[in-house]
Amino acid sequence: MFISVFIASLFFSFSAQMSNSLLSLYAKSTGATADRIGSLMSMFAITALIFRFIAGPAMNAYNRKKLLQMAMCFFATAYLGFSFSPQIASVTGIDVITVMKMFRLLQGIGNAFGNSCLLTIVSDCLPKDKFASGMGIYACANTIAQAVGPTLGVKLRDVFGYSNTYIITCCSMLFSMVLVGLVVKIPYREKGKFSLNLKNIVAQEAIVPAIITFFIGLGFTSINSFFLVYAEERGIVNASLYFTVYAISMLLTRPLIGKLSDKFGFVKIAIPSILCTALSLVLIGQATHLWQLLVIAVINAAGYGAAQPALQSLCMKSVPAERRGSASSTNYIAQDSSTIIGPTVCGYVASVAGYTPLMWQVMAVPIVLGAVCTFAFRQRIYEIESNFEKRS
């Protein structure tokens, strides 16, 4: 079961990573300003955040495999829309960035259900004594996608152009949808009752890890949104290799940090990882050569790359198994909120100060606040881990 979900997550993440790192460059090629690029990159999180309030109760009531396939269908449609955005804009008279935003919103619906379903399904496969390390290994599916997706996306763009590259991305997601139908086997369970009450939508027990996730994500999203644009402005060639080195490094750090979290607890491992994330953003602003960015990628892998699955693990540990759908949604509500705010703030900073070190220094501040929150709420985190061990 774990292997099946891992494979499905791998192909799901591959298409998403190839697309997301390319979208800001695609928008810039149409003449979009930095603030409009930031707004576009955060748009999908708006619908994702809205539909998170439906996703949790839906996962508790309906077949998660079918919900996952539905999410992949939405992604494929969005990618096809990106491909034909210039043509749609020409026919309708609507600005091309506005057209892209419409399909970005559609992508958000798929995002609300897709990764939440995957995280909930995989959490049911893991034994207690290897829960955090299992989450770390599961997160490597996204890591592998990060190693290949952004670089391949840029290479395909250079050969085929933006439009054809997004058609290829659409086909990749459709393949993922078929793959889920073939390899993911979910044990039968009786259909539950769909109920949109607060307890089903948000797991209050998971609020603390969600707050920490929000602050870290607020700063980290600036990398996905503006890193390649920033590198191009500085004249750094082959900057997409950053994502490859970052992802390869995470293949080592994520399982290791997961094992250390199982052994020593979340707090002792998370605070150094979070501070490494903040440091990496500050260093990006100082980098002028490719080799410097590649070193920073390793630092960031030991930071956010390790902290994120540990936070997901803590979130899922906070509730009984029957409420993991709600905990998963709570985790992603925090991530989506940071994705809405982060790129937009970074875009405005870039508009005022330009693509300068100040942009990255500003975005490092909320990450430091994430480390402060981890220390401040350490007693609550200890309680979550203790209750998880006692739970049958």
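Look up a bit, the structure's there.
Computed from a predicted model, the values in this text were never measured in an experiment.

Draft legend 1. Quick look at the side chain of Arg157. Take Arg157: it is sitting in helix 6 (residues 131-183). Here Arg157 falls in the buried class, since its relative accessible area comes to 18%. Within the structure, the side chain of Arg157 is placed 3.0 Å from the side chain of Asp158, a separation counted as a polar contact. Beyond its immediate sequence surroundings of up to four residues, Arg157 is in contact with Leu22, Leu25, Tyr162, Thr165 and Glu232.

Draft legend 2. Molecular detail of the packing of aromatic side chains. Summed over the entire model, instances satisfying the criterion amount to 15 aromatic pairs. Between Phe214 and Phe215 the ring centres are 5.6 Å apart and the planes differ by 65°, which places this aromatic pair in the edge-to-face class. A relative accessible area of 21% means that Phe214 is categorised as partly exposed. Through pairs of rings, three or more aromatic residues link up here, namely Phe12, Tyr26, Phe75, Tyr79, Phe82, Tyr162 and Tyr166. Here the guanidinium or amino end of Arg378 rests over the ring plane of Phe375, the centre of that ring lying 4.0 Å away.

Draft legend 3. Inspection of the environment of Gly325 at higher detail. Locating Gly325 in the fold gives a position in helix 13 (residues 324-353). Note on Gly325: relative accessible area 0%, which makes it buried. Here the alpha-carbon distance between Gly325 and Ile121, two residues 204 residues apart in the chain, equals 8.8 Å. Other than its neighbours up to four places away in sequence, Gly325 contacts Gly56, Met59, Asn60 and Thr120.

Draft legend 4. Main features of unusual backbone geometry. With phi around 60°, Asn238 is a residue other than glycine that occupies positive phi space. Mapped onto the secondary structure, Asn238 falls in the loop between helix 8 (207-233) and helix 9 (241-264). A residue is classified by how much of its surface remains accessible, and Asn238, at 44% relative accessible area, is partly exposed.

Draft legend 5. Spatial organisation of helix 5 (residues 96-123). Taking 1.5 Å per residue as the helical rise, helix 5 with its 28 residues ought to reach 40 Å, and the 40 Å between its terminal C-alpha atoms agrees with that figure. Where helix 5 bends most, the angle comes to about 30°, and this point is Gly110. Most of helix 5 sits out of view: 24 of its 28 residues are buried. Taking the backbone nitrogen of Ile97 as reference, a side-chain oxygen 3.1 Å away marks Asp95 as the first, capping residue of helix 5.

Definitions and limits used
- Residues numbered from 1 in each chain as written.
- Predicted model: local features only at pLDDT ≥ 70, side-chain atom pairs only at ≥ 80, totals over all residues.
- Heavy atoms only, no water.
- Helix = DSSP H or I, 4+ residues; strand = E, 2+ residues; numbered from the N terminus.
- Buried < 20%, exposed > 50% of the residue type's maximum accessible area, 1.4 Å probe, protein only.
- Polar contact = N/O pair within 3.5 Å; in protein donor to acceptor, adjacent residues only side chain to side chain.
- Contact = heavy atoms within 4.5 Å.
- Phe/Tyr/Trp six-rings, centres within 6.5 Å; stacked < 30°, edge-to-face > 60°.
- Lys NZ or Arg CZ within 6 Å of the ring centre and 35° of its normal.
- Expected span 1.5 Å × (residues − 1).
- Bend = angle between axes of the 7 residues up to and from the residue.

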